[in-house]
Each structure stands twice: as structure tokens, then as C-alpha cells.
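Summary of structural features
Listed below are the residues making up each chain.
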Amino acid sequence: MAAKWAEALLAVQKLDLRMRDIRARLALLPEERNKLIARGRAAQARREESRKELKETELGIKKAESEIARLNEVIAKLRQQSASIRKNDEYQAMLVEIAGNQGRISELESSVIEALDRVEELRRKVSTVTAEVEATLKGVKEEIGELETFATELKAEYLQLQQEAAAAGKEIESSILSRYQLLLKKGQGAPVVPIENDICGNCHLRITPQTLNSARKGVVTACDNCMHLIYLEDL
């Protein structure tokens, strides 16, 4: 059994180290939440990109159809004007223009057919992506909810630990408690560690005979190297 001062500090230390862990865990939660939000936004962006691609393809079809209609009107007007053309070279130029417009119409009609096939493909893609995105967003929402619940539970536990640590600290001599708290604030491992095979449980260096003798007497003892409080488990 360890010295009374060590037993009392170990009880407080157990609470303090758990609180340290909770603080560290809580500090990570905002980043985890931001990653979840980013995942949701990425999914939404993917959905919007698929919709945009579909919309642009449909718009391209409308523009092509509008251009086909315009060219057909031009051809119709040229044919109406053909009766009044007297010169052969002007008539031939008109035929060339009509043929050019017809060729352009043929190209546009081919592109429209290809685009219509593409539209069907894109509509299926949008449907698939939308379903995937909705599932992702649902999962993100659930995970954020779990994080928030977890944070609430951790904060409640932390408050309980604070109360227990404060009560336990009242049973410890103020000078010893202050020394312990200074070590705790440094955040370098546990302030109070056992001596194992004459080795410090914190820095793992050998304890000097004089210091080891003090520990055997059960007095408050610190490692000569790391200054952490050390004790023997069996006196």
C-alpha cells in the first residue's frame, strides 16, 4: 500500500487525468464537425454539378433547335427570292448558300440527336447522384447529432469530475496539492507516478539511493530528474 499522501493524490489524479482526456476530446470535436459539414457540402456540390451538366446540355439542344429553325427560315426566304433572280451567278450563289445552310442544319440535327441521348444518360446520373447525396446528407446529419450528444455527455461528466476533484482536494495538504497542480498544468504525463525496480515511472531513470530512501519512509518525494512526485506501491 502506498503512503497516505500518495493515495490521496492518486485519487485526485485519476479524476484530473480523465478531465484532461475530456478536454482533449472536446477540442477535437469542432474539427470533426467541420469535416462532416465539408463532406455534406462536397456531396451537394456533386449534385449541383450533375444538375448543371444536364441543364447545359438541355440548353444546348434548345439553342441548336432555335438555330435550325432560323436557318430553315433563311432557306425559305432564299427560295422565295429565287423567282426574281435574273443573273445566273447570283442564282448559283443562292444555291450555294442554301446548300451551306442545309449542311449546317444536318450537322445541328446530328448534334441534337447525340445530345438527346446524352440528356437521358445525364437524367439517370442526376437521379443516382441525388439518391447518393441524400443518403450522405442524412448520414452527416446523424453523425453531427451523435457528436453533439457526445459533447453534451462529456461536458456533464466533466462537471461531475470537477466537483469530485474539488472535494477530494480538500483532504490533501495545500502545499502538496499546489505542487501536484503545478506538475499537472505542465501536461507532461501523470504528476504522481510509482517507482518500479528503483526506476521513475515518468522519466524512466534510476532513482538515487537518497531519494529512494525518502520514498521508503513514506514522505512526499520527487524524482531528482523530472521532479514528478514518486512513491512506492508497497511500503
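Look above for the structure.
Keep in mind that this is a model prediction, so the values were computed, not measured.

**Some details on empty space enclosed by the protein**
Applying the stated criterion to the full structure yields one cavity of 30 Å³ or more. Space inside the largest cavity adds up to approximately 40 Å³.

**Some thoughts on the packing of helix α1 (residues 4–81) against helix α3 (residues 174–186)**
One way to put it is that α1 packs onto α3 with a least axis distance of 11 Å and a crossing angle of 35°. The interaxial crossing formed by α1 with α3 has right-handed handedness. In this structure, α1 contributes Trp5, Leu9, Val12, Gln13, Asp16, Leu17 and Arg20 to the contact, and α3 contributes Ile176, Tyr180 and Leu184. Partitioned by chemical class, the residues of the contact of α1 with α3 number seven nonpolar, one polar and two charged.

**Observations regarding unusual backbone geometry**
Even without a glycine there, the phi angle at His204 is positive, about 65°. By secondary structure assignment, the location of His204 is in the loop between β2 (199–200) and α4 (209–216). Given the relative accessible area of 56%, His204 is considered exposed. At Met227, a position not held by glycine, the phi torsion is positive, near 70°. Here Met227 is to be found in the loop between β3 (221–222) and β4 (229–231).

**Some words on α4**
For α4, the full list of buried residues reads Thr211, Leu212 and Ala215. Down the axis, α4 shows its buried residues gathered within 100° of arc, on one side only. For α4, the exposed residues lying more than 90 degrees away from the buried face are Pro209 and Gln210. In this fold, the buried residues of α4 make contact with β1 (192–196), β3 and β4. Once α4 finishes, Gly218 follows within two positions and takes phi at roughly 85°, a positive value.

**Brief notes about the pattern of salt bridges**
Taken as a whole, this structure holds 15 salt bridges when the rule is applied. Between Glu148 and Arg33 there is a salt bridge, and its shortest N-O distance comes to 3.7 Å. Of this pair, Glu148 sits in helix α2 (residues 88–169) while Arg33 sits in helix α1, and the two are 115 residues apart along the sequence. In this structure Glu148 comes out as partly exposed when scored by relative accessible area, which is 41%. Under the relative-accessibility criterion, Arg33 is labelled partly exposed at 34%. Across the salt bridge formed by Glu120 and Arg123, the nearest N and O atoms sit 3.2 Å from each other. With Glu120 and Arg123 both in helix α2, this residue pair falls three residues apart, about one helical turn. The exposure class of Arg123 is partly exposed, given its relative accessible area of 42%.

**Comments concerning the environment of Lys186**
Here Lys186 lies in helix α3. Owing to a relative accessible area of 54%, Lys186 belongs among the exposed residues under this scheme. With 114 residues separating them along the chain, Lys186 and Asn72 place their C-alpha atoms 84 Å apart.

Parameters at a glance
- Residues numbered from 1 in each chain as written.
- Predicted model: local features only at pLDDT ≥ 70, side-chain atom pairs only at ≥ 80, totals over all residues.
- Heavy atoms only, no water.
- 1 Å grid on protein atoms, 1.4 Å probe; cavity = no way out; pocket = protein on both sides within 12 Å on 5 of 7 lines; lining within 4 Å.
- Points joined across faces, edges and corners; volume = space filled by probe spheres on them.
- Axes fitted to C-alpha atoms, helices over the stretch in contact; angles between N-to-C directions.
- Helix = DSSP H or I, 4+ residues; strand = E, 2+ residues; numbered from the N terminus.
- Left-handed = near helix turned anticlockwise from the far one by under 90°.
- Contact = heavy atoms within 4.5 Å.
- Nonpolar A, V, L, I, M, F, W, Y, C, P; charged D, E, K, R; others polar.
- Buried < 20%, exposed > 50% of the residue type's maximum accessible area, 1.4 Å probe, protein only.
- Arc of directions from axis to C-beta.
- Salt bridge = Lys/Arg side-chain N within 4 Å of Asp/Glu carboxyl O.

Keep in mind that these numbers describe shape and distance, not what the molecule does.
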